[in-house]
Structures are given as structure tokens and as C-alpha cells.
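The chain contents come next:
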Amino acid sequence: MTRRSWSHGLSVLLLAAGVLTACSWTANPAKELKEAVEDYTRAMRWGHVEKAAAYVPDPLRAAFIRQKRMAQAQVQIHEYDVRAVEYTRGADRARVIILAVWSRPTDPVAHQQMIAQEWRYRQLRWEMTHQSDVQQIPVGMDAVEPKDAL
């Protein structure tokens, strides 16, 4: 084997290895969203604020940690579950609906709260950029009383 053919063979081998590596590193935003949301919700459920903060944009991270630490010192989270994910393949945004059940140590009554989170795909990673309460009763509908179900 001549030096030139050996060099050419090595080049082809390196090119093939590069193509295979690039294919395995191809971003899959839908899968990454699922993993990010699951990791975030698990961290929030168990009070691991710093771990959850990894999914918050850098400029908001310190304030997020401070706020969540203060608030979680005053409440106990019983559930923090994903109820819906609204995502269109290829989009750089997603809406995640969370059901949180919590109580205060001084008041054993459990409260349910629906939260809508906006997630954005930036620089090959998902970040939770905003959250707000979901209106529980659709506009134009009367509130249902618990006794109505009994």
C-alpha cells in the first residue's frame, strides 16, 4: 500500500466516522423536550430547586432559585405532574400544563393549582421561560360545585 493510498483510505475512514458521529449527535427536540420537562418536574416535586433551575434561562436563574426556596419553605408539594404537552414537531416553543397539589404545614387542606409553562428551544436545549396559572373555569361556563358531583 502506497503512502498516498493509505492517506486516502484514512481520509475516507475519518469522513465516514464523522458522518456517523454527526448522525448520532443530531438534535431531537421532541425527545429532548420530554426529558427536560420530566427532569424539571421531578426536581420541583422533590424540592430540588437548583436542579430545576438548570432549565431556566441564565439571566433568570438566581431570582428563580431565591423565589422558589422562600416559597417552598412555606408549602409542602404533594404532587407536581405533567398533564399536557402542546408541541408541534419542529417548533422552538412548547406549552406544558402542570397540576400541582400543595398544602401549608399550618393548614392541612390540600390545594390544586393548574400551571401553564412556556418552554423554548434555544441553543440546542429546552428552557422553561414563563409560567402562569391556568384559568380553571372556561369563559362562559358556570362553576361546578363539589356537591353537584355527589
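No experiment lies behind these values; they were computed from the predicted model shown.

Q: Whenever I open this one, the overall build of the protein confuses me. Can you help?
A: Across its full length, the protein holds 4 helices and 4 strands. Each helix and strand of the protein, ordered N terminal to C terminal, gives the series α-α-α-α-β-β-β-β. The 150 residues of the protein split such that 24% are buried. For the protein, restricting intrachain contacts to residue pairs at least 6 apart in sequence, the fraction spanning at least 24 positions comes to 44%. Surface summary for the protein: the accessible area is close to 10,900 Å², and the carbon and sulfur share equals 57%.

Q: Before we go on, may I ask you to explain the side chain of Glu127 in this structure?
A: For Glu127, the position within the fold is in strand 4 (residues 125–133). Take Glu127: its relative accessible area is 8%, and that puts it in the buried class. A polar contact is formed between the side chain of Glu127 and the side chain of Arg125, at a distance of 2.7 Å. Leave out the neighbours within four places in its chain, and Glu127 touches Tyr55, Val56, Pro57, Glu118, Trp119, Arg120 and Arg122.

Q: Explain the packing of aromatic side chains here, please?
A: When we look at a pair of aromatic rings, we describe it by the centre distance and by the angle of the planes. All chains considered together, the criterion is met by 5 aromatic pairs. Joined through ring pairs, the aromatic side chains of Tyr40, Tyr55, Phe64 and Trp119 make up one cluster. Positioned above the aromatic ring of Trp46, the side-chain terminus of Arg45 is 4.1 Å from the ring centre.

Q: Teacher, can you tell me more about the pattern of salt bridges here?
A: Side chains that differ in charge, positive against negative, can pair when their charged atoms come close. One pass over the full model with this rule turns up 10 salt bridges. For the salt bridge of Arg42 with Asp39, the shortest nitrogen-to-oxygen distance reads 3.5 Å. A residue pair is termed a helical-turn pair when its members lie 3 or 4 positions apart in one helix, as Arg42 and Asp39 do in helix 2 (residues 29–45) at 3 residues. Classification of Asp39 as buried rests on a relative accessible area of 15%. One salt bridge connects Glu50 with Arg69, and the closest N-O pair in it is separated by 2.0 Å. Of this pair, Glu50 sits in helix 3 (residues 49–53) while Arg69 is found in helix 4 (residues 58–72), placing the two residues 19 residues apart along the sequence.

About the criteria used
- Residues numbered from 1 in each chain as written.
- Predicted model: local features only at pLDDT ≥ 70, side-chain atom pairs only at ≥ 80, totals over all residues.
- Heavy atoms only, no water.
- Helix = DSSP H or I, 4+ residues; strand = E, 2+ residues; numbered from the N terminus.
- Buried < 20%, exposed > 50% of the residue type's maximum accessible area, 1.4 Å probe, protein only.
- Contact = heavy atoms within 4.5 Å.
- Areas by Shrake-Rupley, 256 points an atom, 1.4 Å probe, with all protein chains shown as cover.
- Polar contact = N/O pair within 3.5 Å; in protein donor to acceptor, adjacent residues only side chain to side chain.
- Phe/Tyr/Trp six-rings, centres within 6.5 Å; stacked < 30°, edge-to-face > 60°.
- Lys NZ or Arg CZ within 6 Å of the ring centre and 35° of its normal.
- Salt bridge = Lys/Arg side-chain N within 4 Å of Asp/Glu carboxyl O.

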